[in-house]
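Results of the structural survey
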Amino acid sequence: MQRVQPKSTFRLTRMFSAIRSNRLFEIIVVGVILFSALLAGAKTYDISPAFLNIMVWLDYAITLFFLLEISIRFFAEERKWQFFKSGWNIFDSLIVIVSLIPIEDSELALVGRLIRIFRVLRMVSVIPELRTLLNSLLKALPQLGYVALLMFIIVYIYAAVGTTFFAKINATLWGDITVSMLTLFRIMTFEDWTDVMYETMAVHPLSWIFYISFIFLNAFAFLNMLIGIVVNVMEKESAEQWRIDHAGEPTIADLSRQIEELKALLIQQPEPQAIKKGA
């Protein structure tokens, strides 16, 4: 039997839910997160003790605001245990709770600073588009792993060939297979790769084939394949999120079926003239 909430609790839940869904509240939360990021960056400069003291109090105020924001989101849930079913809510709660621990003047002061820097990541949990992007990237990791493995195999083969032919020309770039792989990564990112190519072409005129084929495979084919996988997963994730957000609403297929049913009902009804003749 489902437990009925008291009216006062129900009204509080509705109130907190209205605050959580308010667009102004979301904008304020994003603004405070951005201000927190700027505050963390300002602490890396040499500043006066007076201004540093102001920044400490501002940091306390930001932490208290995040605590209030987490509390509003928690009490806005009708079933409180569902709040912790979301990994983002758990992440936000941990960041806020650790930020409340007074460790600034202890040996864990560095940990406290790092936690405050990681508060910028709360931007991902607040903005749904960023959440969808990160979820898509995580779901695409298995497929990306296979493409990355294939890229590694190609780079390894080309590094072995480059070491064999070009080690005597420039041992700094092609001395062993690990250095050659770093050189190929430089070529793949187009960082002054023509200088490397012209140096080897002075000894091996046809070595341009080595570079062009490598760039075509890794920089064009495989990298575009990686982008395609991420975009494909993002489209599926966006479609799934749209389906969840619009659950219960009629789809185009439902509307088409209803139109067909109405047409069938109209066809089955007798015409007005036939009704008069029968009378």
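Refer to the preceding data block for the structure.
Residues numbered from 1 in each chain as written. Predicted model: local features only at pLDDT ≥ 70, side-chain atom pairs only at ≥ 80, totals over all residues. Heavy atoms only, no water.

1. Considerations on the packing of aromatic side chains
Applying the stated criterion across every chain yields a total of 17 aromatic pairs. Ring geometry for Phe 74 against Phe 83: centres 5.5 Å apart, planes inclined by 90°, an arrangement best described as edge-to-face. Given the relative accessible area of 2%, Phe 83 is considered buried. Where Phe 190 meets Phe 220, the ring centres are 6.4 Å apart and the plane angle is 35°; that geometry is what we call tilted. Of this pair, Phe 190 sits in the loop between helix H9 (177–188) and helix H10 (193–201) while Phe 220 sits in helix H11 (residues 208–245), placing them 30 residues apart in sequence. A relative accessible area of 41% means that Phe 190 is categorised as partly exposed. By relative accessible area, Phe 220 is classed as partly exposed at 42%. By way of ring pairs, the aromatic residues Tyr 158, Phe 166, Trp 174, Phe 210, Tyr 211 and Phe 214 are connected into one cluster. (Phe/Tyr/Trp six-rings, centres within 6.5 Å; stacked < 30°, edge-to-face > 60°. Buried < 20%, exposed > 50% of the residue type's maximum accessible area, 1.4 Å probe, protein only. Helix = DSSP H or I, 4+ residues; strand = E, 2+ residues; numbered from the N terminus.)

2. Some details on the nonpolar core
Grouped together as the largest cluster of nonpolar side chains are 27 residues, with contacts concentrated most on Trp 174, Leu 184, Ile 187, Phe 210, Tyr 211 and Phe 214. Within the residue set of this core, elements represented by two or more residues are helix H7 (128–166), helix H8 (171–174), H9, H10 and H11. Among the nonpolar cores identified, the runner-up in size contains 14 residues, and Ile 33, Ile 70, Ile 72 and Phe 83 belong to it. (Core = buried A, V, L, I, M, F, W, Y, C linked by side-chain atoms within 4.5 Å.)

3. So, H10
The complete set of buried residues in H10 reads Trp 193, Val 196, Met 197 and Thr 200. Looking straight down H10, one finds its buried side chains confined to an arc of 95°; they lie on one side. (Arc of directions from axis to C-beta.)

4. Examining the pattern of salt bridges
Pairs may arise between side chains of opposite charge once their charged atoms sit close together. For the structure on display, the rule yields 4 salt bridges. With its nearest N and O atoms 3.2 Å apart, the salt bridge here joins Glu 77 to Arg 20. With a gap of 57 residues between them, Glu 77 in the loop between helix H3 (49–75) and helix H4 (87–100) and Arg 20 in helix H1 (residues 7–21) connect regions that are remote in the sequence. Look at Glu 77 and you get buried, because its relative accessible area is 19%. With a relative accessible area of 27%, Arg 20 lands in the partly exposed category. With a shortest N-O distance of 3.1 Å, Arg 73 and Asp 92 are connected by a salt bridge. In this pair, Arg 73 sits in helix H3 while Asp 92 sits in helix H4, placing the two residues 19 residues apart along the sequence. For Asp 92, a relative accessible area of 0% translates into the label buried. Salt bridges sharing common partners tie together Glu 69, Arg 73 and Asp 92. (Salt bridge = Lys/Arg side-chain N within 4 Å of Asp/Glu carboxyl O.)

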